[in-house]
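# Observations on the three-dimensional arrangement
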Amino acid sequence: MSKKHHITTIVNGDEYEALCETRHTLLDVLRDELRLTGTKEGCATGDCGACSVMMDGRLVCSCLVLAVEADGKSIDTIEGMASGNELHPLQTKFLELNGLQCGICTPGFLIAARALLERNPDPTESEARYWLAGNLCRCTGYDKIIRAVLSAAAEMRGA
Amino acid sequence: MSDVRFEAPSSLSEAVKILAGAKGPSRALAGGTDLIVQMENDLLEPDLIVDIKKIPELRAIKPEGGGFRIGATVTSMEMIEDASLCAKWPGVIDGVKLIGSIQVKGRATMAGNLCNASPGADSVPPLVAAGALARIVGPNGTRESPVEKIPVGPGKTSLAPGEIIESFFLPERPRNSGDAYLRFTPRTEMDIAVVGVAINLTLDSAGVCTQARVALGAVAPTVLLVDECANALIGTRVDEAAIDKMAAAAAAACKPIDDKRGTREFRIKITSVLAKRVAQKALERARHTA
């Protein structure tokens, strides 16, 4: 017996429907059903943050959310971060300041960093590092990532 | 692989009924930060998952009898964002803040941390030190249990089949009370406690300790509530001699394992070091709260 759940979810403002099994995660459905592959799988155990998304305004690891739990929820992924061709200031700064190497961790860092700046537009370096402690970069490019985040924060404040 | 039945009832009575009727292994789902990892790693293959987050009374932090009632599905971030809870029970918040990343704290709950029954669970020692009560519901009705009675060994709890945590109660605090929790980890974030110590104490107007509770994490199969530690503080001005005696009692109570995170000897030594630091922190807070 394989009963599938029918879920309806708002992703980046658009309504999507999908069928999933109980053990499918939100990450599985985003990538494999909706083909939104910007959200990455790193560890699948909530340690690396590569699969970070916003769910009803809350930063979560999509590998630690069952897809069926996302029914009726609003999800924001990396695909919704730029406005058309206009990149978000965080994306621009990551490019300008080389805040990425292989790029696998980048969508997660961008989503988590945006959540930080929405809450705290002027974080200290230490606050930014603690907030992003759940995002791992195996190329170990942390300094450039932090510089990009703080620089984007300054720009967004008009400083 | 067979599929798993999933239910998300909107009432507590319905959740209890579904869980009570389960034939195979079943799990309540709150934040899922342990449950989903265990399923992913095939450590757990439940037949039934009951998502309890649609039950309104499990979702809120409410004032009650001068204290707080915290629903089982309240997340760590929701607790950290509650200014009145942070002001009254900073030691409980110390523990909650140490649970995983921001992402994990956006989902993880104290009820899940307790029911996962890891000896190193960071929110458990401060809850025990606080004298928190868990309200448990199940097929035979509702009961209250001190938090320290719930874990009975690594991964094992005293909850009967079909029982779930409904909420926690943090009692009203007398004036001049303070609590604190510290853990030792090799890294500052994203790590599991090698040792954790929580202390909750109350002073009278002359600065003499009238009540104390000291709880140790990660140094025994379950959290330890150590009366000898409390007795070393009660009746004293929590001076250096009293703190040393309390720290020695904490070290004596440890029954730690040797593992990759720390040897037995190291954990015992660190317990007494942390106990002293936590006592100072709790004392500072007790002196600075009305």
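Residues numbered from 1 in each chain as written. Chains lettered and ligands numbered in written order. Predicted model: local features only at pLDDT ≥ 70, side-chain atom pairs only at ≥ 80, totals over all residues.

### Here we look at the domain arrangement of chain A
Residues and elements named next belong to chain A. Note the following rule: An automatic or database domain assignment is the source of the domain bounds shown. Amino acid classes used here: Ala, Val, Leu, Ile, Met, Phe, Trp, Tyr, Cys and Pro are nonpolar; Asp, Glu, Lys and Arg are charged; the rest, including Gly, are polar.
As far as domains go, chain A holds domain 1 (5-78) and domain 2 (89-157). Its C-alpha centre places domain 1 at a distance of 22 Å from the equivalent point of domain 2. Residue classes in the side of domain 1 that touches domain 2 are distributed as 7 nonpolar, 5 polar and 1 charged.

### A few points about the packing of helix 2 (residues 89-96) of chain A against helix 3 (residues 106-119) of chain A
Residue and element names in this part refer to chain A. Heads up, the rule is: Under this scheme, a helix contributes an axis fitted over its contacting stretch, all axes are lines through C-alpha atoms, and angles between N-to-C directions fall in the 0 to 180 degree range. By definition, any uninterrupted DSSP run of H or I lasting at least four residues is a helix, any uninterrupted run of E lasting at least two residues is a strand, and each is numbered from the N terminus. Each angle receives one of four descriptions, namely roughly parallel if under 35 degrees, roughly antiparallel if over 145, roughly perpendicular if within 65 to 115, and oblique otherwise. Crossing handedness follows the turn of the near helix against the far one: under a right angle anticlockwise gives a left-handed crossing, and clockwise gives a right-handed one. By definition, residues are in contact whenever their C-beta atoms, placed on the basis of the backbone, come within 7 Å of each other.
Relative orientation of the contacting elements helix 2 and helix 3 amounts to 130°, with a least axis distance of 10 Å. By the criterion of interaxial angle, the relationship of helix 2 to helix 3 is oblique. Judged by the twist between their axes, the crossing of helix 2 over helix 3 is right-handed. Here helix 2 contributes Leu90, Gln91 and Phe94 to the contact with helix 3, which in turn contributes Thr106, Leu110, Ala113 and Arg114. Residue composition of the contact of helix 2 with helix 3, grouped by class: 4 nonpolar, 2 polar and 1 charged.

### Some words on the environment of Arg27 of chain B
Residues and elements named next belong to chain B. Heads up, the rule is: Neighbour density around each residue's C-beta defines its exposure: 20 or more other C-beta atoms within 10 Å make it buried, 12 or fewer make it exposed, and counts between make it partly exposed, where C-beta atoms are placed from the backbone.
Summarising the element assignment, Arg27 is placed in strand 2 (residues 26-29). For Arg27, a count of 21 C-beta atoms within 10 Å corresponds to the buried category. C-alpha separation for the pair Arg27 and Phe169, spaced 142 residues apart in sequence, amounts to 23 Å. Contact partners of Arg27, with chain neighbours within four places excluded, come to Leu35, Pro46 and Ile49.

### Overview of the pairing of strand 11 (residues 177-184) of chain B
All names here are of chain B. Let me state the cut-off plainly: Paired strands are those between which DSSP finds at least two bridges.
The element strand 11 is extensively covered by neighbouring structure, given that 7 of its 8 residues are classed as buried. Judged from the 8 bridges that link them, strand 11 and strand 12 (residues 195-203) form a sheet pairing that is antiparallel. Within strand 12, the residue paired with Tyr181 across the bridge is Ala198.

### A look at unusual backbone geometry
A positive phi angle, close to 45°, is found at Asp56 of chain A, a residue other than glycine. Mapped onto the fold, Asp56 of chain A is located in the loop between strand 3 (52-55) and strand 4 (58-61). On the basis of neighbour counts, which here come to 13 C-beta atoms within 10 Å, the residue Asp56 of chain A falls in the partly exposed class. Positive phi, close to 60°, is recorded for Asp42 of chain B, a residue that is not glycine. Position of Asp42 of chain B among the secondary structure elements: in the loop between helix 2 (35-40) and strand 3 (48-51). With 8 C-beta atoms counted inside 10 Å, the residue Asp42 of chain B sits in the exposed group.

### So, the packing of helix 2 of chain A against helix 5 (residues 142-157) of chain A
Helix-helix packing is described using two parameters, namely the angle between the two axes and the distance between the axes. All names here are of chain A. At a minimum axis separation of 8 Å, helix 2 and helix 5 run at an interaxial angle of 135°. Here helix 2 lies oblique to helix 5, going by the angle between them. The handedness of the crossing between helix 2 and helix 5 comes out as right-handed. Where helix 2 approaches helix 5, its residues Pro89, Leu90, Lys93 and Phe94 are matched on the opposing element by Ala148, Val149, Ser151, Ala152, Glu155 and Met156. Tallied by class, residues from the contact of helix 2 with helix 5 come to 7 nonpolar, 1 polar and 2 charged.

### Quick word on the sheet that holds strand 3 of chain B
All names here are of chain B. Taking strand neighbours across the sheet as the criterion, the 3 strands line up as 1-3-2 in an open arrangement whose pairing is parallel. In this open sheet, the two strands that pair with only one neighbour each are strand 1 (5-7) and strand 2. Going from strand to strand, the sheet's axes swing by 20° on average, the running direction of each strand aside. Bridge count for strand 1 against strand 3 is 3 bridges, and the pairing is parallel. By the bridge assignment, Phe6 is partnered in strand 3 with Ile49. Those strands touched by helix 1 (residues 12-20) are strand 1, strand 2 and strand 3, and its axis lies near 170° from that of strand 3.

### Quick look at the interface of chain A and chain B
How big an interface is tends to be stated in terms of accessible area lost as the parts join. Across the boundary between the two partners, chain A contributes 28 residues, which contact 21 residues of chain B. Mapped onto the side of chain A that touches chain B, the elements with two or more residues apiece are strand 4 and helix 4 (125-131) of chain A. With 4 residues, the top contributor of residues to the side of chain A that touches chain B is strand 4 of chain A. Split by residue class, the side of chain A that touches chain B holds 13 nonpolar, 9 polar and 6 charged.

### Some words on the sheet that holds strand 14 (residues 224-225) of chain B
Paired through their backbone hydrogen bonds, the strands of a sheet run either parallel or antiparallel. Residues and elements named next belong to chain B. The antiparallel open sheet is built from 4 strands, whose spatial order is 11-12-13-14. Two strands lie at the open edges of the sheet, namely strand 11 and strand 14, each paired on one side alone. Set on the sheet, helix 10 (residues 240-253) makes contact with strand 12, strand 13 (209-217) and strand 14; between it and strand 13 the angle comes to about 35°.

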